[in-house]
Amino acid sequence: MAKKLVIKVTAGSDAPERCSQAFTVAAVAVASGVEVSLWLTGESAWFALPGRAAEFELPHAAPLPDLLDSIVSAGRVTLCTQCAARRDITEKDVIEGIRIAGAQVFVQEALGDETQALVY
């Protein structure tokens, strides 16, 4: 089994099932003791802002704020640099514990030893 899981979520409210699945997999992995790095890109970038996850709704799915809180507290959440810039999001805007980083950092994480990468 991979010791680290890197997940890139590109979907937000525009594709709620795909979005929810990425957050659910990340939260379950964290709860299972796997080192998790969740990358927010594309429309999921908005979930780096306080209160935005609470606006997300999907029937029969775990609440996104709960999933995000568990991932931030026990894993790592990163907002894509370019995605943040396109949305005028800065470090001072994001939830505490979420960092902004670019493709070079993603590649380093995804290519690490015993790492599995997923894209949603």
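Given the structure is predicted, the values throughout are model-derived calculations rather than measurements.

Looking at the overall build of the protein
Right, on to step 1. The number of helices and strands found in the protein is four helices and five strands.
Right, on to step 2. In terms of overall dimensions, the protein is globule-like: its C-alpha atoms have a radius of gyration of 13 Å, near the 14 Å expected for 120 residues.
Right, on to step 3. Principal-axis analysis of the C-alpha atoms gives the protein an extent of 35 × 35 × 25 Å.
Right, on to step 4. A buried classification covers 42% of the 120 residues belonging to the protein.
Right, on to step 5. Of the contacts made within the protein by residues no fewer than 6 positions apart, 70% connect residues no fewer than 24 positions apart.
Right, on to step 6. Carbon and sulfur atoms make up 52% of the accessible area of the protein, which amounts to about 6,400 Å² in all.
Right, on to step 7. A distance of 6 Å separates the average location of the 10 positive side-chain charges in the protein from that of its 15 negative side-chain charges.

Re unusual backbone geometry
Right, on to step 1. The backbone of H60 sits at a positive phi, close to 65°, despite the residue not being glycine.
Right, on to step 2. Looking at the secondary structure, you find H60 in the loop between β2 (35-40) and α2 (64-74).
Right, on to step 3. Within the chain, D88 stands out as a residue other than glycine whose phi angle is a positive 55°.
Right, on to step 4. Relative to the assigned elements, D88 resides in the loop between α3 (81-86) and β4 (98-101).

A closer look at the packing of helix α1 (residues 16-31) against α2
Right, on to step 1. Where α1 contacts α2, the two axes come as close as 9 Å, and the packing angle between them is 45°. By the angle between their axes, α1 is oblique relative to α2. Where α1 crosses over α2, the handedness of that crossing is left-handed. From α1, F23, T24, A26, A27 and V30 reach across to α2, where they touch L64, L67, L68, S70, I71 and A74.
Right, on to step 2. When grouped by side-chain class, the residues that make up the contact of α1 with α2 number nine nonpolar, two polar and no charged.

Some points on the nonpolar core
Right, on to step 1. Counting 36 residues, the largest nonpolar core has F23, L38, L40 and L79 as the members making the most contacts within it.
Right, on to step 2. Where this core is concerned, the elements lending two or more residues are β1 (4-9), α1, β2, α2, β3 (76-80), α3 and β4.
Right, on to step 3. Counting residues per element, this core draws most heavily on α1, which supplies seven residues.
Right, on to step 4. Residue contacts for F23: discarding those within four places in its chain leaves V9, L38, L40, F47, L64, L67, L68 and I71.
Right, on to step 5. With five residues, the next largest nonpolar core counts W39, A101, F106 and A110 among its residues.

Some words on α1
Right, on to step 1. Taking 1.5 Å per residue as the helical rise, α1 with its 16 residues ought to reach 22 Å, and the 22 Å between its terminal C-alpha atoms agrees with that figure.
Right, on to step 2. Considered for burial, the residues of α1 that qualify are C19, S20, A22, F23, A26, A27, A29 and V30.
Right, on to step 3. The positive-phi residue at the C-terminal boundary of α1 is G33, with phi of around 90°.

What counts, and where the lines are drawn
Residues numbered from 1 in each chain as written. Predicted model: local features only at pLDDT ≥ 70, side-chain atom pairs only at ≥ 80, totals over all residues. Heavy atoms only, no water. Helix = DSSP H or I, 4+ residues; strand = E, 2+ residues; numbered from the N terminus. Rg over C-alpha atoms; globule rule 2.2 N^0.38 Å. Buried < 20%, exposed > 50% of the residue type's maximum accessible area, 1.4 Å probe, protein only. Contact = heavy atoms within 4.5 Å. Areas by Shrake-Rupley, 256 points an atom, 1.4 Å probe, with all protein chains shown as cover. Lys, Arg positive; Asp, Glu negative; His and termini not counted. Charge placed at Lys NZ, Arg CZ, Asp CG, Glu CD. Axes fitted to C-alpha atoms, helices over the stretch in contact; angles between N-to-C directions. Parallel < 35°, antiparallel > 145°, perpendicular 65-115°, else oblique. Left-handed = near helix turned anticlockwise from the far one by under 90°. Nonpolar A, V, L, I, M, F, W, Y, C, P; charged D, E, K, R; others polar. Core = buried A, V, L, I, M, F, W, Y, C linked by side-chain atoms within 4.5 Å. Expected span 1.5 Å × (residues − 1).

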